[in-house]
Amino acid sequence: MRHLTSFMWFEDECFTSVDLVNAYFRRINDVNSTLHAVLEVNPDALDIAKQLDQEREMGHLRGPLHGLPVFVKDSISTRYKMQTAAGSFALVGAKLDDDSTVVARLREHGLVILGKTSLSEWASTYAAYYPKQDPNGSSSGSAVATDLGLAFAALGTETSGSILFPSEVSNIVGIKPTVVTGLSNTSPEFWAMYQKSLYYGGEGGLLGALSRHQLDAIILPTGTAADIPALVGAPVTTVPMGAFPNSSAIKHNDRGDMVYIAPGIPFGISFLGKQWSEKELIGMAYAFEQRTLVRKTLKRVVEPKGELRDVIGDEDEGEDEDEDDGHDAGQCGL
């Protein structure tokens, strides 16, 4: 599905948003019974895609990502027919009147909310590089779904590591943005501990090092990159760096039901910066990835088979077979 990220195919009318949704549905069906990354798909996704296709045909684009399908983590609220249950049966059936702010903005800019992804707290989600691989964090479903090309992208959330760690072991780019922090507590003991933590994240740690040495970023292995930025709300971007070698001993998590170290499991490198430096960090991470090109060298043990070329024109089924629908997968190079 490498062509799904190339916007020029949209412009050349090689496929539609409906084609994308159908292709992603096929890919989800290929792997989800094994990896459990997707909790549910949006029952209105095809209708929304058709509406966005009509807007495109009339020359109206809501933004540069118009018509692209994305997942959101199941702790992020969505109205209409989808659940917001954080993967827990205890919350199934709870109805929300409004979208979260971020989902509302995604809709306003023309993205299709394809469905909701699982959380490691309540679901047996697995990553794709080793049997029963630990996906390693709360936004695990979003990371696994993105890695396998089950949507254009996926949204997660992070306090400390919930985006970075799943992104690392699923061999993808993960972006933890700036978070405006601020806590108050009437406990003197808590406040003293909090101020000490701020020091280690700020002047005595990440932000101080950046300032004193006039650095643009600090680079760390992703496995050690989450905690200090979490204290001060600083951004981090992780990209693939490599994988454990074939000689690696297999290690299980504390419960013994998932594998977190084994041959072929990916690891990443992270770029840390001051608040609101996302643009610079993403640029550095992109340059690193383009020089190393690690991502395409790693091998999964589970792969979806569905491709965009298999479904182009599915929305026209039942119409006159001689009618030209304007889509030619071969001509478009799909």
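Reading the values: the criteria
- Residues numbered from 1 in each chain as written.
- Predicted model: local features only at pLDDT ≥ 70, side-chain atom pairs only at ≥ 80, totals over all residues.
- Heavy atoms only, no water.
- Pairing = 2+ DSSP bridges.
- Helix = DSSP H or I, 4+ residues; strand = E, 2+ residues; numbered from the N terminus.
- Axes fitted to C-alpha atoms, helices over the stretch in contact; angles between N-to-C directions.
- Contact = heavy atoms within 4.5 Å.
- Phe/Tyr/Trp six-rings, centres within 6.5 Å; stacked < 30°, edge-to-face > 60°.
- Buried < 20%, exposed > 50% of the residue type's maximum accessible area, 1.4 Å probe, protein only.
- Arc of directions from axis to C-beta.
- Expected span 1.5 Å × (residues − 1).

Engineer: Describe in detail the sheet that holds strand β7 (residues 236-243), supporting the description with residues and values.
Structural biologist: Strand pairing in a sheet is mediated by backbone hydrogen bonds. Such pairs are either parallel or antiparallel. Sheet architecture is open: four strands sit in the order β5-β7-β10-β6, paired in antiparallel fashion. Unpaired on one side and paired on the other, β5 (174-176) and β6 (218-221) mark the two borders of the sheet. Strand-to-strand twist in this sheet, taken as the mean axis angle between neighbours without regard to direction, amounts to 25°. Across seven bridges, β7 lies against strand β10 (residues 266-272) in antiparallel orientation. Directly across from Val-236, in β10, lies its bridge partner Leu-272. In the packing of helix α10 (residues 278-292) onto the sheet, the strands contacted are β5, β7 and β10, and the crossing angle to β7 comes to about 15°.

Engineer: Lay out the packing of aromatic side chains in plain terms, naming residues and giving numbers.
Structural biologist: Applying the stated rule across the entire model yields three aromatic pairs. Ring geometry for Tyr-199 against Tyr-200: centres 5.7 Å apart, planes inclined by 65°, an arrangement best described as edge-to-face.

Engineer: Run through the sheet that holds strand β1 (residues 38-41), naming residues and quoting values.
Structural biologist: Here four strands make up an open sheet; going across it, the order is β1-β3-β2-β4 and the pairing mixed. Each edge of the open sheet carries a strand with a single partner, namely β1 and β4 (153-155). The mean inter-strand angle of the sheet, taken between neighbouring strand axes irrespective of direction, is 30°. Where strand β2 (residues 69-73) and strand β3 (residues 112-117) come together, five bridges link them in parallel fashion. Note on β3: the bridge partner recorded for Pro-69 is Val-112. Contacts between helix α2 (residues 17-35) and the sheet are confined to β1, β2 and β3, with β3 contributing the most and set at about 15° to the helix.

Engineer: Explain the environment of Ser-170 residue by residue, including any values.
Structural biologist: Within the secondary structure layout, Ser-170 lies in the loop between α6 (164-169) and β5. Residues Ser-170 and Pro-135 lie 35 residues apart in sequence; the distance between their C-alpha atoms is 7.2 Å. Setting aside anything within four residues of it in sequence, one finds Ser-170 in contact with Ala-127, Tyr-129, Ala-143, Val-144 and Asp-147.

Engineer: Tell me about helix α4 (residues 101-108), residues and numbers included.
Structural biologist: Every buried residue of α4 is listed here: Val-103, Leu-106 and Arg-107. Projected onto a plane normal to the axis of α4, the buried residues spread over an arc of 100° and lie on a single side. Set apart from the buried face of α4 by more than 90 degrees, the exposed residues are Thr-101, Arg-105 and Glu-108. Buried-residue contacts for α4 involve α3 (45-57), β2, β3 and β4. Two residues or fewer after α4 comes Gly-110, characterised by a positive phi angle close to 90°.

Engineer: Help me get a handle on α3, residues and values and all.
Structural biologist: For α3, which comprises 13 residues, the first-to-last C-alpha distance of 18 Å matches the rise-based estimate of 18 Å (1.5 Å per residue) to within 8%. Those residues of α3 not exposed but buried are Ala-45, Ala-49, Leu-52, Asp-53 and Glu-55. Buried residues along α3 cover an arc of 160° about the axis, so they all sit on one side. Each element contacted by the buried residues of α3 is listed here: α2 and β3. One or two positions beyond α3, positive phi appears at Gly-59, with a value near 85°.

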